[in-house]
Amino acid sequence: MACMKLGSKTDAFQRKGQAWFCTTGLPSDIVVEVGEMTFHLHKFPLLSRSGVMEKRIAEASEGEDGCVIELTDIPGGAKTFELVAKFCYGVKLELTAANVVYLRCAAEHLDMTEEYGEGNLISQTEFFLNQVVLRNWKDSLKALETCDDVLPYAEELKITKRCIDSLAVKACTDPNLFGWPVMEHVGPLQSPGGSILWNGISTGARPKHSSSDWWYEDASTLSLPLYKRLISAMETQGVEQEIVAGSLSYYAKKFLPGLNRRHTFSESSNHLASVGLGSSVSEEDQKLLLEEIDNLLLMQKGLVPTKFLFGLLKTALILRASPSCISNLEKRIGMQLDQATLEDLLMPNFSYSMETLYNVDCIQRILEHFLAMDQGTGGESPCSIDDEQLMGSPSLTPITMVAKLIDGYLAEVAPDVNLKLPKFQTLAASVPEYARPLDDGLYRAIDIYLKSHPWLGESDREQLCRLMDCQKLSLEACTHAAQNERLPLRIIVQVLFFEQLQLRTSIAGCFLVSENLDGGSRQLRSGTVGPNEGGWATAVRENQVLKVGMDSMRVRVSELEKECSNMRQEIEKLGRSKGSNTWGNVSKKFGFKLKSQMCSAQEGSVSNQNKINCKAIKDDDKAKDKYQKHKKNLPIDE
């Protein structure tokens, strides 16, 4: 740290307890009281340097109690007046960045101008400030920190503003150009290998390279009011917003508990007190800091990491920050929700009601902000997503990434028994249908919810399952859903139907590829068709046939359920009468075997398109033929 020495005499001051004495051989003729400290001095050195002391000495000499002067409001207190008194006696005085602000303010307060002696304290401290302190980053920062103790005087003399402007200019300048502060411990010479040389000998150390965040730690030592002013000055000087946002993030992580797990609460509290956020750190102090950070951050996407914003939001909810602060943080997260992770979204519910384990309402609002921004910026619409994206293209758009994220979040919160069905449905339905290339993630979340809420009625289960599109389930998901006893029967039938449709489409595609390989550009067997009617017209006819087949399958399943129930009752009666071997005897007697039902859809004329040839089920009026009927039509695993 730079310093300058004033005066040439040796130090003739001695301290005894709470009193200072000047050992010049002459008895003191004036007593100056500064706080609890008493200075026994001489009149002439003081009045010859200070206009205020000249006036106060003249007033005190007229009294009967001797010359006693009280200085209760001198900037810097007794420690600063000690240096001032030594300067008046001509004792060597070392000016540093740590004391120059106190001395400059005290000199102004005591009217120590050139009128009372050439090279007086005002001119000396002013010269040191301008020519030494303000030209160096570290000294400017240290001087600015001391302004907190004498802020009214420093503001009046514009010392605070000069220090802030000096720091702001240096922050937007490459420090390597001037050797501060990152090169202050590095010599100018380097070896051919790049290491630092000392007296021609390689030290093995490498020179430090500056980055845009080199000043973050230094700026974080300032109190919140001074830090705010420094950030504003930097923005005026043209410092990039990304760099300013990084400093705000560093400052918040350093002093807000929870944002940086490396700091304990007590450490953060002590540090908050040291930078002027209050002698005793309370929740109100922390809330004030958080709200100020929110005000200083621009509403711009990508300035700070999404994880940091979620940390601020969690802290704001704990501290019960203002609604506007919480809303701003939710909007910031919504702007870059596609950059979040599932861990970020799992925010505990800090409300007193503890309705749910996780704060689902907050995620709902964040998602709404994202969707509003996505639509406002011309995000993907159903018409702009091509077939490749619907089939799961690796290049996911932000909306598809968010859809996948929300599906994962739904699966995590689904086991919560306190999560009501409407809240789960609202969040799941908020994601547009076109945003999900596949509904496998949504199906998984629904299945977990059904498993954790077994008391749901049939209508509620069907309403929940309508959230997913069975046509957008993969073959693996279809296989799982077809065997899922928690799903309503109607949904299982739809899954089976679309699974069959996928298999049929896949087989048809294989045949089409084979024909193209064999026949080149040969036309399809159906004859010559136009480009707009070949595939589409055929698909319409096939869908009509499959729809009829699906309706027939539903009726058949209903009939089989009734027959199976009747059969089970008959078997139970036989079991009660014949013992444990009844089922084996019945199975041998009636010869139950696995049968597969074959249905074929025939295409032809319009009158024949809606007919499906299925194997007829023959009825018999006699009771003895009842089980033979099941033998032919009921599929039972061996």
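Residues numbered from 1 in each chain as written. Predicted model: local features only at pLDDT ≥ 70, side-chain atom pairs only at ≥ 80, totals over all residues. Heavy atoms only, no water.

Filter applied, for reference: UniProt positions are given in the numbering used here, feature names are shortened, and annotations may be inferred rather than shown by experiment.
As recorded in an unreviewed UniProt entry, the chain goes by BTB/POZ domain-containing protein and comes from Capsicum baccatum. UniProt's Pathway (unreviewed entry) comment on the chain is quoted here verbatim: "Protein modification; protein ubiquitination."

### Some remarks on the overall build of the chain
This is how the line gets drawn: The numbering of helices and of strands both runs from the N terminus, where a helix is a DSSP run of H or I of at least 4 residues and a strand a run of E of at least 2. Three exposure classes are used, based on accessible area relative to the maximum for each residue type with a 1.4 Å probe and protein chains only: buried under 20%, partly exposed in between, and exposed over 50%. Residues count as neighbours in contact if any of their non-hydrogen atoms are within 4.5 Å of one another. The protein chains shown are the only cover counted for residues, whose accessible areas, like all others here, come from Shrake-Rupley with a 1.4 Å probe.
Check the secondary structure of the chain and you find 28 helices and 11 strands. The buried share of the chain, taken over its 638 residues, is 41%. Taking the contacts inside the chain whose residues are at least 6 apart along the sequence as the reference set, 68% of them involve residues at least 24 apart. For the chain, the exposed surface amounts to about 35,400 Å²; the carbon and sulfur share of it is 53%.

### Quick look at the pattern of salt bridges
The test is simple: A pair is scored as a salt bridge if a Lys or Arg side-chain nitrogen falls within 4 Å of a carboxyl oxygen belonging to Asp or Glu.
Per the stated rule, a full pass over the model turns up 21 salt bridges. The structure contains a network of salt bridges with shared partners spanning Arg104, Glu108, Glu126 and Arg162.

### What about the sheet that holds strand β3 (residues 19-22)?
Worth spelling out the cut-off: Should DSSP find at least two bridges between two strands, the strands are taken to pair. All axes here are fitted lines through C-alpha atoms, helices being fitted over the stretch that makes contact, and every angle between N-to-C directions spans 0 to 180 degrees.
A sheet is described by the order of its strands in space; here five strands give the open sequence β2-β3-β5-β4-β6, paired in mixed fashion. Lying at the two open borders of the sheet, with one neighbouring strand each, are β2 (13-16) and β6 (68-70). Averaged over all pairs of adjacent strands, the angle between their axes in this sheet comes to 20°, without regard to strand direction. Both β3 and strand β5 (residues 37-41) contribute to a ladder of three bridges, which runs parallel. Counted as the bridge partner of Phe21 is His40 from β5. Packed onto the sheet, helix α2 (residues 51-61) meets β4 (30-34) and β6 and runs at close to 130° relative to β6. Across the sheet, helix α3 (residues 77-88) is in contact with β2, β3, β4 and β5; its angle to β5 comes to roughly 10°.

### Quick look at the packing of aromatic side chains
Short version of the rule: For Phe, Tyr and Trp, rings pair up if their centres lie within 6.5 Å, where Trp contributes its six-membered ring, and each pair is then called stacked (planes under 30 degrees apart), edge-to-face (over 60) or tilted (otherwise).
Taken as a whole and assessed by the stated rule, the structure comprises seven aromatic pairs. Ring geometry for Trp137 against Trp214: centres 4.8 Å apart, planes inclined by 65°, an arrangement best described as edge-to-face. A residue pair is termed long-range when its members are at least 10 positions apart, and Trp137 in helix α6 (residues 137-146) and Trp214 in the loop between β9 (201-202) and α9 (216-219) qualify at 77 residues. Across this residue pair, the class does not change: Trp137 and Trp214 are buried. Aromatic pair Tyr251 and Phe255: ring centres 4.8 Å apart, planes at 80°, arrangement edge-to-face.

### Focus: the environment of Met37
With respect to the element layout, Met37 can be found in strand β5. Judged by its relative accessible area of 10%, Met37 falls in the buried class. Ignoring anything within four residues of it in the chain, the contact list for Met37 reads Arg15, Gln18, Ala19, Trp20, Val32 and Ala78.

### Notes on helix α13 (residues 283-296)
The following threshold applies: Helix span, as expected, comes to 1.5 Å for every residue beyond the first.
For α13, built from 14 residues, the straight-helix expectation of 20 Å at 1.5 Å per residue is met to within 8% by its first-to-last C-alpha distance of 20 Å. Every buried residue of α13 is listed here: Asp285, Gln286, Lys287, Leu289, Leu290, Glu292, Ile293, Asp294 and Leu296.

### A few points about unusual backbone geometry
Of note, the phi angle at Asp111 is positive, near 60°, even though the residue is not glycine. Looking at the element boundaries, Asp111 is found in the loop between α4 (100-109) and α5 (121-131). Using a relative accessible area of 29% as the deciding quantity, one classes Asp111 as partly exposed. For Lys158, which is not a glycine, the phi torsion comes out positive at approximately 60°. Here Lys158 shows up in the loop between α7 (151-156) and α8 (159-171).

### Quick notes on the pairing of β4
A large share of β4 lies buried, amounting to four of its five residues. With five bridges joining them, β4 and β5 adopt antiparallel strand pairing. Counted as the bridge partner of Ile30 is Leu41 from β5. In textbook terms, the turn of a hairpin is the stretch between consecutive antiparallel strands, and for β4 and β5 this stretch comprises two residues, one of which, Gly35, has a positive phi near 65°. Pairing of β4 with β6 involves three bridges; the strand directions are parallel. Looking at the pairing, Glu33 lines up with Glu70 of β6.

### Describing the pairing of β2
Bridge count between β2 and β3: four bridges; the pairing is antiparallel. Across the sheet, the residue bridging to Arg15 is Trp20, located in β3.

### Regarding α4
For α4, a buried count of eight out of 10 residues is recorded, marking the element as mostly surrounded by other parts of the structure. Among the residues of α4, those classed as buried are Val100, Val101, Tyr102, Leu103, Arg104, Cys105, Ala106 and Ala107. Note on α4: the residue one or two positions beyond its end, Asp111, has a positive phi of about 60°.

### Quick word on the environment of Arg162
Defined as follows: Counting of polar contacts relies on pairs of N or O atoms within 3.5 Å, with two restrictions inside protein: one atom must be capable of donating a hydrogen and the other of accepting it, and residues adjacent in sequence are counted only when both atoms are side-chain atoms.
Within the secondary structure, Arg162 is located in helix α8. Classification of Arg162 by relative accessible area gives partly exposed; the value is 23%. Considered as a pair, Arg162 and Leu144 are 18 residues apart in the sequence and their alpha carbons are 9.0 Å apart. Excluding residues within four positions of it along the chain, Arg162 makes contact with Glu126, Leu129, Asn130, Leu134 and Leu157. A polar contact is formed between the side chain of Arg162 and the side chain of Glu126, at a distance of 2.5 Å.

### Considering the packing of helix α20 (residues 421-430) against helix α21 (residues 440-452)
To be explicit about the condition: Just so you know how the angles are binned, under 35 degrees is roughly parallel, over 145 roughly antiparallel, 65 to 115 roughly perpendicular, and the rest oblique.
Closest axis-to-axis distance for the α20/α21 pair is 12 Å, and the angle between their directions is 175°. Taken together, the axes of α20 and α21 are roughly antiparallel relative to one another. Between α20 and α21, the contacting residues are Leu421, Phe424 and Ala428 on the first element and Leu442, Ala445, Ile446 and Tyr449 on the second.

### Re the nonpolar core
Quick note on the threshold: Take the buried residues of types Ala, Val, Leu, Ile, Met, Phe, Trp, Tyr and Cys, join any two whose side-chain atoms come within 4.5 Å, and each joined set is a nonpolar core. In this document the domain limits rely on a domain assignment from an automatic tool or a database.
Judged by nonpolar contacts, the single largest core of 147 residues is most densely connected at Val32, Leu41, Trp215, Leu312 and Leu337. Residue contributions to this core peak at nine residues, all from helix α19 (residues 398-413). Three or more residues apiece are contributed to this core by two domains, here domain 1 (3-159) and domain 2 (336-376 + 396-513).

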